[in-house]
Every structure is written in C-alpha cells, then in structure tokens.
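# Breakdown of the fold
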Amino acid sequence: QVTLVESGGGFLQAGGSLKLSCVVSGRTFSSLTMGWFRHITGQEYELVSWITRVTGDTYYADSVKGRFTISRDNAKNTVYLQMNNLKPEDTAVYYCTASRSKTLAQAKSGAMDYWGAGTLVTVSP
C-alpha cells in the first residue's frame, strides 16, 4: 500500500508563491517516478510536472514552464512543487502522483499508479 500525502496548498494573491510537498510511504521512494497533476472543475486533469525516478529528468506543462519547479528528496521520501508568480488560472486542486514504470506519454493520460487526496490552491486576482 503506497500512501501519498500532500500539503502546502492555500489561498493567495496573484504573483505570490507556494511550495507543495508530498510525503510518500509504503514503497521505496527512489523507485518511483513522481508527478503533480491539477484539476479544475469541469476540465480534464492536467499533468503539471513530473520527475523521473533514476535520472531525475523533469517535465513541465507549457502553462507552468518557467514558473514551477519540481524536485525530490529521496532521503525524506518527499517530492516538492515550487510555484512562483502564481496566476488566477493556476487555481485548482493539485494532486501528487507516483508510478513504478509509466512513461511520460502514459502519465499525461492520467495513468499514474498512485494518487494523493489533493490539496487546493486558490489564487485571487
């Protein structure tokens, strides 16, 4: 049983910053590729960013490139999403996800193996 617990969401004004954290338990963290999705009501889930398990390669959606940074600390079983220059359109529930072996293409379709409960980020104009 793999458990992912997100934290760090909140309410802030446009232009501000937040750092999301996700602590993973139940499986060797270093064996997992990690991803952050977001979901806006009425829209599809969007893969915002991911970081691979071995090489630490990263991916960012065009909508967040240059503003968001994903990182992982294998010693703490934690993945982070630093979000800067937040915009109202970033308002969403953000989900931490993990995969044992999914490719980026599979991840973009939402096919990650494990999901957290989500944390809400609200950005006011």
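Here's a quick rundown of the structure. (Residues numbered from 1 in each chain as written. Predicted model: local features only at pLDDT ≥ 70, side-chain atom pairs only at ≥ 80, totals over all residues. Heavy atoms only, no water.)

### Quick look at the nonpolar core
Formed by 36 residues in total, the largest nonpolar core has its most connected members in L4, M34, W36, V79, L81, M83 and Y94. Of all the elements in the fold, those that place two or more residues in this core are β3 (18-25), β4 (33-39), β5 (46-51), β6 (58-60), β7 (68-73), β8 (78-83), β9 (92-99) and β11 (119-124). The dominant element in this core, judged by the number of residues it contributes, is β9, at five residues. Not counting residues within four places of it along the chain, the set of residues in contact with M83 comprises G16, S17, L18, L20, R67, F68, Y94 and V121. (Core = buried A, V, L, I, M, F, W, Y, C linked by side-chain atoms within 4.5 Å. Buried < 20%, exposed > 50% of the residue type's maximum accessible area, 1.4 Å probe, protein only. Helix = DSSP H or I, 4+ residues; strand = E, 2+ residues; numbered from the N terminus. Contact = heavy atoms within 4.5 Å.)

### So, unusual backbone geometry
Of note, N77 is a non-glycine position whose phi angle comes to about 55°, a positive value. Here N77 is to be found in the loop between β7 and β8. The phi torsion at N85 lies on the positive side, around 50°, for a residue other than glycine. Examined against the element boundaries, N85 turns out to sit in the loop between β8 and β9.

### Brief notes about the environment of M83
Structurally, M83 can be placed in strand β8. Each C-alpha atom of the pair M83 and L18 lies 5.2 Å from the other, and the pair is 65 residues apart in sequence.

### Notes on the pairing of β3
When a strand is regular, its side chains alternate between the sheet's two faces. One ladder, built from five bridges, connects strand β1 (residues 3-7) with β3; its direction is antiparallel. Paired with E6 across the bridge in β3 is C22. Of the strand pairs in this sheet, β3 and β8 are connected by six bridges, and their pairing is antiparallel. Opposite K19, over in β8, you have Q82 as the bridge partner. (Pairing = 2+ DSSP bridges.)

It is worth stressing that arrangement in space is one thing and function is another; only the former is reported here.
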